[in-house]
Amino acid sequence: MNAVSHRFRTLRSLSAVSRHSLRLTQVRWSRYSPEYRDPQTDKEYYRKPLAELTEEEKCEQELRKTQLIKAAPAAKTSSVFEDPVISKFINMMMKGGNKVLARSLMTQTLEAVKRKQFEKYHAASAEEQATIERNPYTIFHQALKNCEPVIGLVPILRGGHFYQVPVPLPARRRRFLAMKWMLTECREKKHRRTLMPEKLSHELLEAFHNQGPVIKKKHDMHKMAEANRALAHYRWW
Amino acid sequence: RRGVSFRLQALRVCSGRHPCAVCCPATMLNRVTRLVPRARQLDPGRFLHGGPQGPQGLAVHLDDRVPDETPRAGSRPSEDDPAGAGEQREDRHYRIPLQDLPTVFAHGLPQYQHYVCQVKTFHEACLLVRRPALELLRHLDGTNFAHPAVRYVLYGEKGTGKTLSLCHVIHFCAKRDWLVVHVPDAHLWVKSCRGLLRSAYNRQRFDQPVEASSWLKSFKTANERFLSQIKIQETYMWNKRESTEKGRPLGEVVEQGLTRVKNATDAVGIVLKELKSQSCSGAFRLLVAVDGVNALWGKTTLKREDKSLMAPEELALVHSLRKMVRNDWHGGAVVLALSQTGSLFTPRMAYLPQELLGKEGFDALDPFVPVLVSNYSPEEFERCIQYYLENSWLQHEKAHTEEGKKELLFLSDANPGQLERLCAYL
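The written sequence of each chain sets the order in which its residues are numbered from 1. Working convention: letters from A go to chains and numbers from 1 go to ligands, in the order in which they are written. Thresholds applied to this predicted model are a pLDDT of at least 70 for local features of residues and 80 or more for the giving and counting of side-chain atom pairs; totals over whole chains, interfaces and linings are not thresholded and use all residues. Hydrogens and waters are ignored; side-chain quantities use all the structure's heavy atoms.

1. Concerning the pairing of strand E2 (residues 125-128) of chain B
Residues and elements named next belong to chain B. What counts here: Burial classification: accessible surface area is computed with a 1.4 Å probe over protein chains only, and a residue below 20% of its type maximum counts as buried, one above 50% as exposed, and the rest as partly exposed. Numbering of helices and strands starts at the N terminus; helices are DSSP runs of H or I of at least 4 residues and strands are runs of E of at least 2. Being paired, for any two strands, means DSSP has found at least two bridges between them.
Burial of E2 is two-sided: the residues Ala125 and Leu127 facing one way and the residues Cys126 and Leu128 facing the other way are all buried. Two elements, strand E1 (residues 93-96) and E2, share four bridges in a ladder whose sense is antiparallel. In the sheet register, Ile96 faces E2, and the bridge partner there is Ala125.

See the structure below:
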């Protein structure tokens, strides 16, 4: 993975004259200098016997003995049950640094999704039972994938006005938008007395079936991009 | 051994062997098992038909199901007779038939909502048969009803399974047609009670109409058939116009308590007193099962009119329950479970009887048979995981692997409560 791109953002020049000059600026500050490598928390990597390693892997292991490695964040574990998407979602749900609360809400949501699906399973006939998905993790991943927009809108300044130009989104922006819309929908559009696990499990199940307000928001985004199709040539990248 | 003294004058069969009993209660239990003859004729298990309406939280989804009684082959055991026509094996999941749920869980297990949710999700109530419960059942089987009631105290760390062992014992006794007096959580009687009234019977004590009437309702559902058989032995005057004469069935006292909520606490006291005095006659066998019994001798958070804190003995319900738990009656047994979870002003890591009961409670319950309920053994853990896998509760693909199981063992430390919480979201 290109280590440069996620820490630095190219300053997009806004005028046509200096279109090709790219200046690098720090977007998120890090206390680590560039020679620090990311930590490897995968147990399988260390369990491979020496005979099975290829030349590159042996070389890399030698390098890791002497190179500087960043400290692993507290939330990153070598657990077999760890999921980077779920960790990202928990971080986005967190408020005020209260990771304990965010994590417990996430686990309660997964439990709620599971219990609802089990209820449906027991109530369904034998043919329908094969179609009902009971794994909360597949439901979560599929729901977020269904909510990801394919194309997005970016404001571009031309002739003194900002135009909403349709633009293909990178993968991380799409994942971010899906999660953001899901959380905003649950936080703001529901009755204030309902608890987050209840709201979130309901929204996830609806998105899994390609229904619900979050999917509608994705479709609205697509429609606006389709409507502004004529402005597509304002994009230069 | 700190805090666990053990004088068993009730079990006269073991006279003269006290010094070894004091140092090791576990071997004492084994010794008692050998001494008490196990040739007692076992009653054939009869299914109790529950009342027409069960508690709303539990029986809503279960009423229409026909329970499947046949034991399944392979690793999916489901013995439905708690005592079994032979040895009831350890490390097996024993299933309570759904008809019995309204009677066994008439009170709805207020302090263990996770298990209630599990019963609702799986559409079956399964308990893992474990050693502490098995030992208790064997002792209850061999009880000598001429001797004073033996008190068994289930203790252990948080989440080890004391409440469910108690439920297992209750179901066992209910199947054997014992009359079960079950207090699901004594802590609920000493905290957050609204509507305290001065008792009419004794001006120093306080009544709790809400708690008493809800308990009476569940008691009625659980023991419907006994209420018409047992006749009271004294006349009770409720007020100038209402009274219940001698010789009327006990059901009338319960009805009076339910209709006139002000008299509910007194009705509870009368019911307990009558049951205690009549169990000696041998018409029925009485099991007193109280969870969170350390609440009876702890502190309360209830205040009198002048905003000073009340002591538990000033509550009429606690007073009558304390009398019930004494061993001055015979014809049954008393099974108690300690609980730190709902208790007030006790340290979180306390679990031993001495720490939770305090000096007063320990002296009141002394002598008792302590039964330690500990975390899962490796076989029990494996069995529990198998049960979850068979029910497809563990949906995460890594949970089926050896790595996943090792990680679950590490994270939960074989604690049943923790394992249940972990498996809920995996």
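Here the narrative resumes, following the displayed structure.
2. A short note on the interface of chain B and chain A
Here is the rule we go by: Contacts: residue pairs with any heavy atoms within 4.5 Å of one another. Two parts placed together each lose some accessible area under a 1.4 Å probe, and adding up what both lose gives the buried area. A pair is scored as a salt bridge if a Lys or Arg side-chain nitrogen falls within 4 Å of a carboxyl oxygen belonging to Asp or Glu. What qualifies as a polar contact is a pair of N or O atoms within 3.5 Å, subject to a donor-acceptor requirement within protein and to the restriction that residues adjacent in sequence count only when both atoms come from side chains.
At the interface, 25 residues of chain B touch 18 residues of chain A. Together, the buried faces of chain B and chain A total about 2000 Å²; carbon and sulfur atoms form 53% of this surface. When the area that chain B buries against chain A is broken down by residue, the three leading residues are Gln395, Glu407 and Tyr425 of chain B, summing to 30%. The tally of links from chain B across to chain A stands at two salt bridges. There are 13 residue pairs in polar contact (both at pLDDT 80 or more) connecting chain B and chain A. Only helix H5 (113-122), helix H15 (402-412) and helix H16 (416-424) of chain B provide two or more residues apiece to the side of chain B that touches chain A. Ranked by residue count, the leading element in the side of chain B that touches chain A is H5 of chain B, at five residues.

3. As for the packing of aromatic side chains
Quick reminder of the rule: The criterion for an aromatic pair is that two Phe, Tyr or Trp rings (for Trp, the six-membered ring) have centres within 6.5 Å, with stacked assigned to planes under 30 degrees apart, edge-to-face to planes over 60 apart and tilted to the rest. Geometrically, a lysine NZ or arginine CZ counts as sitting over a ring once it is within 6 Å of the ring centre and also within 35 degrees of the ring normal.
By the definition in use, this model includes 13 aromatic pairs over all chains. Both rings, one in Phe145 of chain B and one in Trp178 of chain B, keep their centres 5.6 Å apart while their planes meet at 65 degrees; by these two values the pair is edge-to-face. Note that Phe145 of chain B is positioned in the loop between helix H6 (131-141) and strand E3 (150-155) and Trp178 of chain B in the loop between helix H7 (162-175) and strand E4 (179-183), a separation of 33 residues in sequence. When its relative accessible area of 4% is taken as the criterion, Trp178 of chain B is described as buried. The structure contains a cluster of three or more aromatic residues connected by ring pairs, namely Phe118 of chain A together with Phe122, Tyr387, Tyr388 and Trp393 of chain B. For the cation-ring pair, Lys114 of chain A lies above Trp393 of chain B, with the distance from its terminal atom to the ring centre recorded as 4.0 Å.

4. Comments concerning the UniProt feature "domain: Small ribosomal subunit protein uS7" (unreviewed entry) in chain A
This is how it is decided: UniProt positions are given in the numbering used here, feature names are shortened, and annotations may be inferred rather than shown by experiment.
According to UniProt, the feature "domain: Small ribosomal subunit protein uS7" (unreviewed entry) maps to residues 74-229 of chain A in the numbering used here. A distance of 45 Å separates the end C-alpha atoms of residues 74-229 of chain A, which is 62% helix and 10% strand.

5. Things to note about the sheet that holds strand E9 (residues 286-291) of chain B
Residue and element names in this part refer to chain B. Using the following cut-off: As a rule, the C-alpha atoms of each element are fitted with a line to give its axis, helices using only the stretch in contact, and angles between N-to-C directions run from 0 to 180 degrees.
Taken in spatial order, the five strands line up as E4-E9-E10-E3-E11 in an open sheet, and their pairing is parallel. Every interior strand has two partners, whereas the edge strands, E4 and strand E11 (369-372), have only one. Averaged over neighbouring strand pairs, the angle between their axes works out to 15 degrees when direction is ignored. Against the sheet, H6 touches E3, strand E10 (332-337) and E11, its axis set at about 175 degrees to E3.

6. Focus: the pattern of salt bridges
In the structure shown here, the tally under the stated rule is 27 salt bridges over all chains. Here Glu111 of chain A ties to Arg115 of chain A by a salt bridge, and the two come within 2.9 Å at their closest N and O atoms. Remark: Arg115 of chain A and Glu111 of chain A occur in helix H4 (residues 99-123); sequence separation between them is four residues, near one turn of the helix. Note on Arg115 of chain A: relative accessible area 14%, which makes it buried. Of the charged contacts in the structure, one is a salt bridge between Lys359 of chain B and Asp363 of chain B, with a shortest N-O distance of 2.9 Å. In this pair, Lys359 of chain B and Asp363 of chain B both sit in helix H13 (residues 353-365), four residues apart, roughly one turn of the helix. Three or more residues are tied together by salt bridges with common partners; here these are Lys43, Glu44 and Arg47 of chain A together with Glu403 of chain B.

7. Overview of the side chain of Thr221 of chain B
Residues and elements named next belong to chain B. Topologically, Thr221 is positioned in helix H8 (residues 209-222). According to the relative accessible area criterion, Thr221 is buried, its value standing at 19%. A polar side-chain atom of Thr221 sits 2.7 Å from the main-chain carbonyl oxygen of Lys217.

8. Structural notes on the pairing of E3 of chain B
Residue and element names in this part refer to chain B. Within E3, six of the six residues are buried, which leaves the element mostly enclosed by the surrounding structure. Judged by which residues are buried, E3 turns out to be covered on both faces: Val150, Tyr152 and Leu154 on one side and Arg151, Val153 and Tyr155 on the other are all buried. The pairing of E3 with E11 spans four bridges and is classified as parallel. Opposite Leu154, over in E11, you have Val371 as the bridge partner.

9. Here's the deal with the domain arrangement of chain B
Where interface size is quoted, it is often the accessible area lost as the parts come together. Residues and elements named next belong to chain B. Keep this limit in mind: Boundaries between domains were set according to an automatic or database domain assignment. Put simply, Ala, Val, Leu, Ile, Met, Phe, Trp, Tyr, Cys and Pro go in the nonpolar bin, Asp, Glu, Lys and Arg in the charged bin, and everything else, Gly too, in the polar bin.
Assigned domains of chain B: these are domain 1 (98-372) and domain 2 (378-424). Distance between the C-alpha centres of domain 1 and domain 2: 34 Å. Every contact between the two is made by 12 residues of domain 1 and, on the other side, 11 residues of domain 2. Of the roughly 1000 Å² buried between domain 1 and domain 2 on both sides combined, carbon and sulfur atoms contribute 53%. Ranking the residues of domain 1 by area buried against domain 2 places His114, Phe122 and Leu128 at the top, with a combined share of 44%. Arg130 is the salt-bridge partner of Glu380, the closest N and O atoms lying 3.4 Å from each other. Where domain 1 meets domain 2, there are six residue pairs in polar contact (both at pLDDT 80 or more). Those elements that place two or more of their residues in the side of domain 1 that touches domain 2 are H5 and E2. For the side of domain 1 that touches domain 2, the leading source of residues is H5, giving four residues. A per-class count over the side of domain 1 that touches domain 2 returns three nonpolar, five polar and four charged.

10. A closer look at helix H11 (residues 264-279) of chain B
Put simply, the rule is: Multiplying one less than the number of residues by 1.5 Å gives the expected span of a helix.
The terminal C-alpha atoms of H11 of chain B lie 22 Å apart, and with 16 residues this matches the ideal 22 Å at 1.5 Å per residue to within 8%. In terms of burial, H11 of chain B is a largely internal element, 13 of the 16 residues being buried.

11. Describing the confidence of the model for chain B
Residues and elements named next belong to chain B. Which entries qualify depends on this criterion: What pLDDT reports is the predictor's confidence in each residue, on a scale of 0 through 100.
In this model, chain B carries a mean pLDDT of 78, and residues with pLDDT of at least 70 account for 78%. Scored below 50 in pLDDT, residues 1-77 shows 122 contacts in the model against residues more than four places distant or in partner chains. Model confidence for the complex: the whole-complex pTM is 0.79, and ipTM, which rates the interface, is 0.81.

12. Digging into the packing of helix H7 (residues 171-188) of chain A against helix H8 (residues 196-208) of chain A
Residues and elements named next belong to chain A. We apply this condition: Every angle not falling under 35 degrees, over 145, or within 65 to 115 is termed oblique; those three ranges are roughly parallel, roughly antiparallel and roughly perpendicular. Crossings are sorted by hand: turned counterclockwise from the far helix by less than a right angle, the near helix makes the crossing left-handed, and turned clockwise it makes it right-handed.
Close contact between H7 and H8 brings their axes to 10 Å; oriented N to C, the two are set at 130 degrees. Taken together, the axes of H7 and H8 lie oblique to each other. Judged by the sense of rotation from one axis to the other, the crossing of H7 with H8 is right-handed. Of the residues in H8, those in contact with Met182, Leu183, Glu185, Cys186 and Arg187 of H7 are Met196, Lys199, Leu200, Glu203, Leu204 and Ala207. Its residues placed into classes, the contact of H7 with H8 shows seven nonpolar, no polar and four charged.

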